[in-house]
Amino acid sequence: MITLAIVKPHCLKNPIAYETIQQMLATSGLQVIARKRISLSRDEAEKFYEEHRNKFFYRRLVSLMTSGPSEVVLLSGDNAIQQWRNLMGPTKVLKAIYSHPECIRSCFGLSDTRNATHGSDSEQSVVKERTFFFGDTIP
């Protein structure tokens, strides 16, 4: 199974956060099958997060994702979607701090929008997100 992960700009700018996330990933059992750094334009970020357009955090999310480069990674492994989501922890950082103190978002999330990472939530999302970032060139 494959999943898509994104290390958000504020974590890419922080060498300690980035290296720690890479170490956590390396020991997780998930295999990196593709990786690239990208700088999303406003139009690209708006398109990628279209499903959140009418939510209160949409503008903040688009602003964050266009504030600098992100790293997009395709991960492979047994139950990859759930493995990556477990490694990230809850979306809400405060919840992550209390319920999953060792997860990525607990360690490096700053707010519910600046929560360090993104991960696909279903096989359908993986297909859509993988195509968005990698086209049809990656398995």
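A brief look at the structure comes next. Note that this is a predicted model, so its numbers are computed, not measured.

## Examining the nonpolar core
- Counting 19 residues, the largest nonpolar core has Cys11, Leu75, Trp84, Ile104 and Phe108 as the members making the most contacts within it.
- Listed by contribution, the elements that provide at least two residues to this core are β1 (2–7), α1 (9–12), α2 (15–26), β3 (70–76), α5 (80–88) and α7 (104–108).
- Residue contributions to this core peak at five residues, all from α2.
- Apart from residues no more than four positions distant in its own chain, isoleucine 104 is found in contact with Ile21, Met24, Trp84, Leu87, Met88, Gly109, Ala116 and Thr117.
- Judged by nonpolar contacts, the second largest core, of 17 residues, contains Ile6, Ala45, Met65 and Phe133.

## Comments concerning the layout of surface pockets
- Taken as a whole, the largest pocket holds about 510 Å³ of empty space.
- Taken together, 25 residues form the lining of the largest pocket, with His52, Phe57, Thr91, Asn115 and His118 sitting closest to its centre.
- The element that contributes the greatest number of residues to the lining of the largest pocket is strand β4 (residues 117–119), accounting for three residues.
- Considering only residue class, the lining of the largest pocket consists of six nonpolar, nine polar and 10 charged.

## Section: unusual backbone geometry
- Even without being a glycine, asparagine 79 presents a positive backbone phi close to 50 degrees.
- Relative to the helices and strands, asparagine 79 resides in the loop between β3 and α5.
- Overall, the relative accessible area of 47% leaves asparagine 79 in the partly exposed class.

What counts and what doesn't
- Residues numbered from 1 in each chain as written.
- Predicted model: local features only at pLDDT ≥ 70, side-chain atom pairs only at ≥ 80, totals over all residues.
- Heavy atoms only, no water.
- Core = buried A, V, L, I, M, F, W, Y, C linked by side-chain atoms within 4.5 Å.
- Buried < 20%, exposed > 50% of the residue type's maximum accessible area, 1.4 Å probe, protein only.
- Helix = DSSP H or I, 4+ residues; strand = E, 2+ residues; numbered from the N terminus.
- Contact = heavy atoms within 4.5 Å.
- 1 Å grid on protein atoms, 1.4 Å probe; cavity = no way out; pocket = protein on both sides within 12 Å on 5 of 7 lines; lining within 4 Å.
- Points joined across faces, edges and corners; volume = space filled by probe spheres on them.
- Nonpolar A, V, L, I, M, F, W, Y, C, P; charged D, E, K, R; others polar.

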